[in-house]
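Report on the structure
For reference, the chains in residue letters:
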Amino acid sequence: MLRIPCPYCGERDRTEFTYGGDARVQRPADTDHIRDKAWDDYLYFRDNPAGEHREYWQHSLGCRQWFTLVRNTVTNEVLKEAAANPGSGP
Ligand SMILES: [Zn+2]
């Protein structure tokens, strides 16, 4: 069972959270002049790493805050919890 440490509420069951995606992906800076291939890459293509992965999560059934953490995708072990950052999210 995956337990996730919310920076505001403490450790809770995964069922209280919503996965927000890969936290390493950066939105292109100039979207008015971006090429279609670069926009497609940003919107649709993600890595699927086996191992360490930095992710966005929202405590959707709790405090509703977004935060990032680093999780091992093979073992579900939470390796590093990021500091709370109100207003941030994907
Ligand atoms: Zn929380």
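Located above this text is the structure these notes cover.
A brief report on the enclosed structure follows. (Residues numbered from 1 in each chain as written. Predicted model: local features only at pLDDT ≥ 70, side-chain atom pairs only at ≥ 80, totals over all residues. Heavy atoms only, no water.)

1. Remarks on the sheet that holds strand 3 (residues 18–22)
The strands making up a sheet associate through backbone hydrogen bonding, with each pair oriented either parallel or antiparallel. Stated formally: Between any two strands, pairing holds if DSSP finds at least two bridges. Strands are runs of DSSP state E lasting at least 2 residues, helices are runs of H or I lasting at least 4, and numbering of each runs from the N terminus. A fitted line through C-alpha atoms serves as each axis, taken over the contacting stretch for helices, and the angle formed by two N-to-C directions is quoted from 0 to 180°.
Reading across from one edge, 3-4-5-6 is the order of the four strands in this open sheet, with antiparallel pairing throughout. Each end of this open sheet is capped by a strand with a single partner; those strands are strand 3 and strand 6 (78–81). For this sheet, the mean inter-axis angle between neighbouring strands, taken without regard to orientation, is 35°. Examined bridge by bridge, strand 5 (residues 66–72) and strand 6 share three bridges and lie antiparallel to one another. Residue pairing across strands places Arg71 opposite Val78, the latter belonging to strand 6.

2. Quick look at the coordination of the zinc ion
For a metal with four tetrahedral donors the ideal donor-metal-donor angle is 109.5 degrees, whereas six octahedral donors ideally subtend 90 or 180 degrees. Note the following rule: Note on donors: an N, O or S atom is included if it sits within 2.8 Å of the metal, or within 3.2 Å for Na, K and Ca, and water is never included, so sites can look incomplete. Geometry is assigned from donor-metal-donor angles: four donors are tetrahedral when every angle falls between 85 and 135 degrees, four are square planar and six octahedral when opposite donors sit over 155 degrees apart with all other angles between 65 and 115, and any other arrangement is irregular. For each residue, the accessible area found with a 1.4 Å probe, counting protein chains only, is set against the maximum for its type, and the residue is called buried under 20%, exposed over 50%, and partly exposed in between.
Those donors, Cys6 (SG), Cys9 (SG), His59 (ND1) and Cys63 (SG), are the protein atoms that reach the zinc ion, and they lie 2.1 to 2.4 Å from it. Classification of the site at the zinc ion as tetrahedral follows from its four donor atoms and the range of 105 to 119° in their angles at the metal. In the primary sequence, the donor residues of the zinc ion line up as C-x2-C-x49-H-x3-C. Of the two residues, Cys9 is situated in the loop between strand 1 (3–6) and strand 2 (10–13) and His59 in the loop between strand 4 (52–58) and strand 5; the sequence distance between them amounts to 50 residues. Note on Cys9: relative accessible area 29%, which makes it partly exposed.

3. Considering unusual backbone geometry
The backbone of Arg64 shows a phi angle near 70°, a positive value even though the residue is not glycine. Looking at where Arg64 falls in the secondary structure, it is placed in the loop between strand 4 and strand 5.

4. A few points about the nonpolar core
As a reminder, the rule being used: Joining through side-chain atoms within 4.5 Å is the link that ties buried Ala, Val, Leu, Ile, Met, Phe, Trp, Tyr and Cys residues into a set, and such a set is a nonpolar core. Contacts were defined at the residue level, with two residues in contact if any of their heavy atoms lie within 4.5 Å.
Counting seven residues, the largest nonpolar core consists of Leu2, Ile4, Cys6, Phe17, Trp57, Phe67 and Leu69. Listed by contribution, the elements that provide at least two residues to this core are strand 1 and strand 5. The residues touching Leu69, leaving out its near neighbours within four places in the chain, are Ile4, Pro5, His53, Arg54, Glu55, Trp57, Val78, Lys80, Glu81 and Ala82.

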